[in-house]
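Structural features, examined
Next come the chains, spelled out residue by residue.
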Amino acid sequence: MSQHHVTPNSQASAQSSIRPRLVVGLTGGIGSGKSAATKWFFEQGIDIIDADIIAHEVMAKGSKTLRQLQRKFGDWVIKDNGEMDRAAVRSLVFSSPDALMELEAITHPAIREAAKAKLAQSTSEYVILSAPLLIEGAEAGLANLCQRILVIDATEATQLERASRRDAQSISRIKAIMANQLSREERNHHADDVVVNDGDLDAFYDKLAPLHELYLQQAKLC
Ligand code: ADP
């Protein structure tokens, strides 16, 4: 599909090359099909901003955010090779809600700023901001960068089946992740658009196609 901007006048065209007019937040439970959806949108020429990737990038070796974390928790957060000791930090915040809040007070603003910078660089007609905890992690402020929320929905049984087939994670670990995420009902309640991914991949893409058309139309009106 064409990546060219379809805009009614040259002024609008110049604006759309500076920043996209419509930001669609894409979310869903583990194994629902978020990555499959973002891959499809990317193939249509739509820029994808992935909160998981940003979360890794902002904590990269030598980053300001990692130094802030070191000042807060101590030198143990950084391994000998200069990278963050993710396992150690994960185990701390798993056992301490206060530590989790302190961690998020450092990471969330950094993630939001990085997401905003990527949005400003994006040139596609609209842009997808993909975040597994877009709705749960409202304090990260990513949801309010979005004008529209698209939820990819699947039954818990399907989520479990797909996620365990994709990674060698145990069923109990996937269930633990699901327990930390919103229920389907709660998540869908926050959605502007819900795509139920309950068929094969071609059926899934057929459901995404009309939304892509809708977002292209909306992007022109923003
Ligand atoms: P998420 O990013 O939401 O965790 P993925 O997009 O990675 O989920 O999907 C989980 C796994 O299931 C992947 O291996 C993906 O290719 C596969 N998958 C997703 N949707 C379908 C579908 N409709 N039919 C078959 N396999 C699917």
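Basis of the calculations
- Residues numbered from 1 in each chain as written.
- Predicted model: local features only at pLDDT ≥ 70, side-chain atom pairs only at ≥ 80, totals over all residues.
- Heavy atoms only, no water.
- Core = buried A, V, L, I, M, F, W, Y, C linked by side-chain atoms within 4.5 Å.
- Buried < 20%, exposed > 50% of the residue type's maximum accessible area, 1.4 Å probe, protein only.
- Helix = DSSP H or I, 4+ residues; strand = E, 2+ residues; numbered from the N terminus.
- Contact = heavy atoms within 4.5 Å.
- Salt bridge = Lys/Arg side-chain N within 4 Å of Asp/Glu carboxyl O.
- Phe/Tyr/Trp six-rings, centres within 6.5 Å; stacked < 30°, edge-to-face > 60°.
- Pairing = 2+ DSSP bridges.
- Near = heavy atom within 4 Å.
- Polar contact = N/O pair within 3.5 Å; in protein donor to acceptor, adjacent residues only side chain to side chain.
- Areas by Shrake-Rupley, 256 points an atom, 1.4 Å probe, with all protein chains shown as cover.

**Notes on the nonpolar core**
Membership of the largest hydrophobic core comes to 33 residues, with the highest contact counts inside it found for Ile54, Val58, Leu69, Leu129 and Leu142. Sorting the residues of this core by element identifies helix 3 (51–58), helix 4 (64–73), helix 5 (86–95), helix 6 (97–121), strand 3 (127–130) and strand 4 (148–153) as the ones contributing at least two each. The dominant element in this core, judged by the number of residues it contributes, is helix 6, at eight residues. Apart from residues lying up to four places away in sequence, Val58 is in contact with Ser63, Thr65, Leu66, Ala110, Ile111 and Ala114. Judged by nonpolar contacts, the second largest core, of 18 residues, contains Val195, Leu211, Tyr215 and Leu216.

**Looking at the pattern of salt bridges**
Applying the stated criterion to the full structure yields nine salt bridges. For Asp153, the salt bridge goes to Arg184, with nearest N and O atoms at 2.8 Å. Taken together, the positions of Asp153 in strand 4 and Arg184 in helix 9 (residues 184–189) put the pair 31 residues apart, joining distant regions of the chain. Pair check on accessibility: Asp153 and Arg184 agree, each one buried.

**What to know about the packing of aromatic side chains**
Under the definition given, this model contains four aromatic pairs. A centroid spacing of 6.5 Å and a plane angle of 45° characterise the contact between Phe73 and Trp76, whose relative ring orientation is tilted. Relative accessible area serves as the criterion here: at 17%, Phe73 is assigned to the buried category. Pairing Tyr126 with Tyr215 gives two aromatic rings, centres 5.4 Å apart and planes at 70°, and the pair type is edge-to-face. In this pair, Tyr126 is assigned in the loop between helix 6 and strand 3 and Tyr215 in helix 10 (residues 201–221), connecting sequence segments 89 residues apart. Residues Tyr126 and Tyr215 agree in their burial class; the two are buried.

**Here's the deal with the pairing of strand 3**
The side-chain alternation of strand 3 yields two buried faces, one formed by Val127 and Leu129 and the other by Ile128 and Ser130. Sheet topology places strand 1 (residues 23–28) next to strand 3; four bridges connect them, and they run parallel. When the sheet's bridge partners are listed, Leu26 is paired in strand 3 with Ser130. Here strand 2 (residues 47–50) pairs with strand 3 via four bridges, running parallel. Bridge pairing in strand 3 places Asp47 opposite Val127.

**Considerations on the site of the ligand**
For the ligand, the set of nearby residues contains 14 residues, the closest of which are Gly31, Lys34, Ser35, Arg166 and Asn197. Contact between the ligand and Ser35: an oxygen atom at 2.7 Å from a side-chain N or O atom of the residue. At a separation of 2.9 Å, a nitrogen atom of the ligand approaches a polar backbone atom of Gly199. When isolated, the ligand has an accessible area of 560 Å², and the protein chains bury 81% of it. Breaking the shell around the ligand down by element, the ones donating at least two residues are helix 2 (34–43) and helix 7 (156–166).

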